Each structure stands twice: as C-alpha cells, then as structure tokens.
Amino acid sequence: MNSKLLNELPELIKNQVISEDIALKIRQYYLSKQSDGPNRLFTVFGVLGSLLVGLGIILIMAHNWDEFTRPVKTIFAFLPLVLGQLFAGYSILKKKSTTWKEASGTFLFFAVGSSIALVSQIYNIPGDLSSYILTWIVLCLPLVYLLKSNAVAILHIVFSTFYACNLGYGYESIGETPWLYLLLIAFLLPHYLQLLKHRPEANITSIFNWLLPLSLIITLGVFVEQNDDFGYLMYVILFGLFYNIGKIPSFDDQKLRRNGYLIFGSVGTVIMLLLTSFNWIWEFSMTKNEFLSQEFYIALILFCLALAVLIYSYSKQWVKRFNLFHFVFIIFTLLFFVGMADNLIPTILVNILIFALGLVTIKIGTDKFHFGILNYGLLIITALVVCRFFDTDLSYVIRGLLFVSVGLGFFLTNYVMLKRKKTFENLNNKI
Amino acid sequence: MKPIYIFLIFVLLVLAQIYIPAKMILDQEAIIKTGTAYKFKTRPVDPSDPFKGKYIHLNYDITSVLSNDSTWTNYEPIYIALKTDTLGFAMVETVSRDVPESGDYVKAQVDWYNTYEKKINFSFPFDEFYMNELKAYNAELAYLKAQQDSLPNNTYALVYILNGNGVLDNVFINDIPIAKYVEKQE
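## Overview of the overall build of chain B
Here's step 1: A tally of helices and strands in chain B yields three helices and twelve strands.
Here's step 2: Its C-alpha atoms put chain B at 70 × 50 × 30 Å along the principal axes.
Here's step 3: By the burial criterion, 45% of the 186 residues in chain B qualify as buried.
Here's step 4: Within chain B, residue pairs in contact and separated by at least 24 positions form 62% of the contacts whose partners lie at least 6 positions apart.
Here's step 5: Approximately 9900 Å² of chain B is accessible, and the part contributed by carbon and sulfur atoms is 55%.
Here's step 6: Across chain B, the 17 positively charged side chains and the 23 negatively charged ones have centroids separated by 3 Å.

Set out below in structure tokens:
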C-alpha cells in the first residue's frame, strides 16, 4: 500500500496535485515508519525465540538426566539462570535495544523457573505448584521495570492468573484465597499506566487492554469462598466497572478491537443478566453473616470503584448521552437485595432490563449507522427469547410467533438501515 | 533513574534469584549431612509434573495412627515422632500437635480423622521421587513385579530426617536403588 503510494508520487507532482515539498514529506514519513518496522519484528521474534528456548530448557531438564551426579545436575540448574542474568545485565549496562531487553528478560524469566524446578527435582522437594509459581513470579517481577519489558509483564499476568487459579480453584486448597494475586497485579499497574500515558495507541497497549480484564474475570471466582450467590453480583459489578472504564475517552476513542474493557464489560453484563433471568437463580436467602463475608466486602469495593468511575466520567462530561449499560451494575445491585425477599420481582425486572438493553443497543446502532452494534442489540433480544424458550410455560404457538417476529426484526431493521444508509450516501454524492 | 542505579538494583535481583535455589540446596544438603536416615516402606506410582518432570508418587505403609483424640482437623500440621522396628524400618512412636522435645520427628499434615476406627490419617511431605522420564513408569511396573517375585516389604524410601524436615534421598527395591533396578530389569 505504502509502496504503491510512493510510486504514484511522481505522477501526482507532475499533475500538480501535490507540491514537491509535500511529496518529500510523504516519502520521509513512510521511510521513518519502515525503519521502525523491522525493529518491532526483531523484538517479536526475539521474544518468541527466548520463550521457546526457555520452555525447551524446562522440558530438557524435566527429562531428569540420572546419568549425572547431583553436583553436575546442580550446575546445570544454575547455568541457564546465570546466562540469562548475564544477557539481561549486559542489556541494562550497555543500554541495548528493546529487542535485547525483551528477549533477555523473557529468557531470564524461564531460566528462574527452570532453576527452581530443577533444584526441586534433584532434591525431591515435593511440589506445591502455587508456592513454586509465586516464588518464580516474585523473583521476576522487578524485571518488568528494570528492563522495561512488556514480554515479562505479559508473562507476569499470565503466571499470576495461573497462580490464583491453582490456589483458588484447586482441590487441595479449599478455604484458601489468593489475596497475593491482587498485590501481584497492583505491582504491574505503574507499568501499564505508563503505557497508557505514553503509548496509548500501540499494539502492545491494546494487548494489555485485553489481558488485564481477562485475567481479572478469570480470577474473580477464586474470591468466592462459600457464598456463591454473591458471585453473580460480583461479576455484574466487575463487568459494569469494565464497561465504564471502556467508555473513558482514551479507550473509547480507539478502535473497538483495542478496547477489551468495553467488549468484556458489555458482553459480560449481557451474559450475566441472561444467566440471572432464570427464576431458579433467585431462590436464595441471605443471613446476617453473609453481609460480613469476604464476598460482600469484595462486591462493595467493586461497586465503589465502578460508581467512582461513573461519577468521574459524568463530572468530566465524558458521558454525552444516556446509555443504560453504564447503570446496569447499580440496577442489578438493587435487584439483588430485593431478590433476598422475593424471587419473582427481580426475575421479571432482569428480563425487562435485558430487553431494554437490546433496544438501547439497536437505537445506538441505527443512530451511528453501525450494523455491528445494531445486530448486537438484536442478538441480545434473541438470546433473551431463546432463554425464555426453555423455562416458560408459554404455548408453542406463542413461542413460535416470538421467534418469527424476532427473526423478522433482524431482516427489517437491517433492511431499513441499509436503505437509509444508501439514501444518505446518495445525498452526500449529490452534494 | 540513572542506568548504574538500575544495574545495581538488577544485581540485587540477581542475588535474590540465585539465593532462593541456593538456599533450597543448602537446606537439603544440611539435612542429608547431619540428619538421621530412616527407611520408610512404600509403594510407588507414576505421575508427572509439568515443570519438574516425571516422578513416582510414594504411598507409604505408614499412613495412620490410632488416637482417641477426635479433635484433629483436616490439613492440620501434625508432629510424628519416629522409631525403628527390629528390621530397621521407620515406625510411628507418638504423634502430637507440638514439636517433640527429644528424638527424631517429621512435620506432616493430617488428611482426616476416622471417627469409626479412631485413626488419624496423615501424609508425609516427602512423597515425590523424581526419576528419568523413561524410567518412572517402569519403576512402578518393577515394583509390582518385585512384589510378586520376592518377600513382601521389599521397597523402601531412604529419608534423612532433621528437625522435622525430611529429604528423600533414594528409593530401593530389594536394597538396589530403584533407577538401577529398573535398568537391570530392562
């Protein structure tokens, strides 16, 4: 594409479409972009290479070379570690390129893991996987800042999530909550905030925009110990928080595919609401003790955070028009506490809420001429109808008519919008 | 921050990264050098660990002890004082919630209390013996074969005990290290 444009520059100058100065600037712009390209590619390959070599070393060590004596095996345990440290130290001292720092950081990350694993293997130290992973990631966390390494930061998030899941969801750790996970993620936040501040539109930043909320979604369940019902509330509030974060202009102004918060927040909210649109979900009762549980406090903290983001967004006038999605977590929290006394009212209201969300989304889609948003709204309503298909005593005829009408809705709305868009484009062309 | 400061912090990190595995080694070596060796009768089975490789899981013959104290709870630490029987194998002398004042003991974990049989079931912490990936499964088969061929109780783990900690040094079948025994069978 760029080369095509560059090839056409002489013709554009000849026909006096652009001046020679502008042509020169265009050429320089693309040349500077090209010089950046291979470096980025080198970094990616460097990280991938280190990742594969590091994992390979772990596997080779795991073979357990029993031909060697204990001291020889111990030397092998430290060899990759020292090598990785030398490479990383050299990168820092000689102010080497990002490629060097990222690759040496990734290699050192796995070398630390392999050395601890191999020592455990040599001395038959029984495996508590959680504490092993925790030691590993804590020993590598400073590398994120010392090497300014995004690859190590990504590995940190992935392994912290693995640690939290292993400890929280595992059979052997019933009753244990991986609170340290929160601390591990908190330590990474300054790095992430720096990325958001200085490189908001970089690809690596959008990877974090997806990875961080995904990690939190996966691990939130580990904080639910005994009061499972609070889990629904916790997740709806978390998705509400993500949605409101995703609507902050620095995220919202970017392409949708870069905004993991908004997509997770929106889709997650809809899924949770669909789940709680079934009556049997609301058949629970709460005692006083449940209001003193860790689940309640986590839900409370999440609620305060989400509310703070919402109020801040309003104070900064980031929310320009009413969008029901912003407020779902507040409405659901109220319904959740109503649900303790009565299970019918929240069921009905959640169904109405999903329907309203569907309509609001369709409205936004039509206002913006965006087929994706329009069909997402229709999909919400379809999902609601499908859910009701399974648990209502409505007659087959009524259910059938419901499906037909929603199906027709799909055709009609898309058709009407396509028509409007064409008319609009024709008008523009005429002007 | 100046690069030299970053480098100095990195040096501290390097020392920490080396210190952790080195400390693990020194702790284990101290137990092997100054601890008392005990033989625990055992039965090996063959699982694997994604990072450390294949190991044989050791199901020890000693898994429970009679006790009228029904207040023992799951996952509670338990101190097991050891003695040896006439054949030189490890036996439980007493169990307690506190560190025994004299003699060798192991800090283990209560699995559950059997109220019907009035038994405390527990697990020793040294139940994984890492082996060459090609030998781990064969070790389990060799153990089963040895059980059929010779006298019972012919497989034991040699564990060094010091101050409640144990280092699993080796596993023997008919007094031959299990890795060598597997090689011979092949």
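## A short note on helix α5 (residues 129-146) of chain A
Since one α-helical turn is 3.6 residues long, residues separated by three or four positions face the same way.
Residue and element names in this part refer to chain A.
Here's step 1: Taking 1.5 Å of rise per residue, 18 residues should cover 26 Å, and α5 covers 27 Å from first to last C-alpha, within 8% of that figure.
Here's step 2: Remark: the principal bend of α5, roughly 25°, maps to Leu139, with a proline, Pro142, within the next four residues.
Here's step 3: In terms of residue burial, α5 counts as a mostly covered element, since 13 of its 18 residues are buried.
Here's step 4: Residue Lys148 follows α5 closely and has a positive phi angle near 50°.

## Topic: the pairing of strand β5 (residues 77-84) of chain B
Residue and element names in this part refer to chain B.
Here's step 1: By the bridge criterion, five bridges tie β5 to strand β7 (residues 105-114) in an arrangement that is antiparallel. By the bridge assignment for β7, Ile80 is matched with Val106.
Here's step 2: Across six bridges, the pairing between β5 and strand β6 (residues 90-96) is antiparallel. The partner of Leu82 across the bridge, within β6, is Val92.
Here's step 3: Linkage of β5 to β6, two consecutive antiparallel strands, is achieved through a turn of five residues, within which Gly88 is found at a positive phi near 90°.

## Overview of the sheet that holds strand β8 (residues 119-123) of chain B
All names here are of chain B.
Here's step 1: Judged by pairing direction, the sheet is antiparallel, and its five strands sit side by side in the order β4-β8-β7-β5-β6 without closing on themselves. Both edges of this open sheet fall to β4 (64-66) and β6, since each of them pairs with a single strand only. On average, each strand axis in the sheet is tilted by 45° relative to the strand beside it, whichever way the strands run.

## Some details on the packing of helix α4 (residues 98-122) of chain A against helix α1 (residues 3-34) of chain B
Here's step 1: Taken N-terminus to C-terminus, the directions of α4 of chain A and α1 of chain B make an angle of 15°; their axes are 8 Å apart at the nearest point. Compared by their axis directions, α4 of chain A and α1 of chain B come out roughly parallel. Handedness of the α4 of chain A/α1 of chain B crossing: right-handed. Counting all contacts with α4 of chain A, which are made through Leu108, Val112, Ser115, Ile116, Val119 and Ser120 of chain A, the residues of α1 of chain B involved are Phe10, Gln17, Pro21, Met24 and Ile25 of chain B.
Here's step 2: Class assignment of the residues belonging to the contact of α4 of chain A with α1 of chain B gives a composition of eight nonpolar, three polar and no charged.

## Some thoughts on the domain arrangement of chain B
All names here are of chain B.
Here's step 1: Its domain assignment divides chain B into domain 1 (1-34) and domain 2 (36-185).
Here's step 2: Put simply, the middle of domain 1 and the middle of domain 2, counted by C-alpha atoms, are 31 Å apart.
Here's step 3: Between domain 1 and domain 2, the contact holds five residues from the first and seven residues from the second.
Here's step 4: Buried area between domain 1 and domain 2, both sides added, is near 540 Å², and the carbon and sulfur share of it is 73%.
Here's step 5: On the domain 1 side of the contact with domain 2, Ile31, Ile32 and Thr34 bury the most area, a combined 87% of that side's loss.
Here's step 6: Counting across the domain 1 and domain 2 interface gives zero salt bridges.
Here's step 7: Along the contact surface separating domain 1 from domain 2 lie zero residue pairs in polar contact (both at pLDDT 80 or more).

## A look at unusual backbone geometry
Residues and elements named next belong to chain A.
Here's step 1: One non-glycine residue, Asn124, lies in the positive phi region at around 50°.
Here's step 2: In this structure, Asn124 sits in the loop between α4 and α5.
Here's step 3: Residue class for Asn124 comes out buried when judged on its relative accessible area of 4%.
Here's step 4: Even without being glycine, Lys148 reaches a positive phi, approximately 50°.
Here's step 5: By the element assignment, Lys148 lies in the loop between α5 and α6 (150-169).

Conventions and cut-offs
Counting of residues starts from 1 at the beginning of each chain's written sequence and follows it residue by residue. Each chain is given a letter, starting from A, and each ligand a number, starting from 1, according to the order in which they appear as written. Confidence filtering applies because this is a predicted model: local features only for residues at pLDDT of at least 70, side-chain atom pairs given and counted only at 80 or more, and all residues used for totals across whole chains, interfaces and linings. Side-chain numbers here rest on the full set of heavy atoms in the structure, without hydrogens or water. Labels follow the DSSP assignment, with helices taken as runs of H or I lasting at least four residues and strands as runs of E lasting at least two, numbered in each case from the N terminus. Relative accessible area decides the class of each residue, using a 1.4 Å probe on protein chains only: under 20% of the type maximum gives buried, over 50% gives exposed, and in between gives partly exposed. Two residues form a contact once any of their heavy atoms are found within 4.5 Å. Each accessible area is a Shrake-Rupley result for a 1.4 Å probe, and residues are judged covered by the shown protein chains and nothing else. When charges are counted, neither His nor the chain ends are considered; positive counts come from Lys and Arg and negative counts from Asp and Glu. Here the site of a charge means atom NZ of a Lys, CZ of an Arg, CG of an Asp or CD of a Glu. How far a helix is expected to stretch is found by multiplying one less than its residue total by 1.5 Å. Fitting one axis to the seven residues ending at a residue and another to the seven starting there, the bend at that residue is the angle between the two axes. One requirement defines pairing of two strands: DSSP has to find at least two bridges between them. Where helices are involved, their axes are fitted lines through C-alpha atoms of the stretch in contact, as for all axes, and angles between N-to-C directions lie from 0 to 180°. For classification purposes, an angle smaller than 35 degrees is called roughly parallel, one larger than 145 roughly antiparallel, one from 65 to 115 roughly perpendicular, and anything else oblique. Rotating anticlockwise by less than a right angle from the far helix to the near helix defines a left-handed crossing, while the corresponding clockwise rotation defines a right-handed one. Note on residue classes: Ala, Val, Leu, Ile, Met, Phe, Trp, Tyr, Cys and Pro are nonpolar, Asp, Glu, Lys and Arg are charged, and everything else, Gly too, is polar. Domain delimitation follows an automatic or database domain assignment. Here's the idea: put two parts together, see how much 1.4 Å probe accessible area each one loses, and the total over both is what we call buried area. Think of a salt bridge as a Lys or Arg side-chain nitrogen and an Asp or Glu carboxyl oxygen that are within 4 Å of each other. Within 3.5 Å is the distance limit for a polar contact, defined as a pair of N or O atoms, with the added protein rule that one can donate a hydrogen and the other accept it, and that residues adjacent in sequence qualify only through two side-chain atoms.

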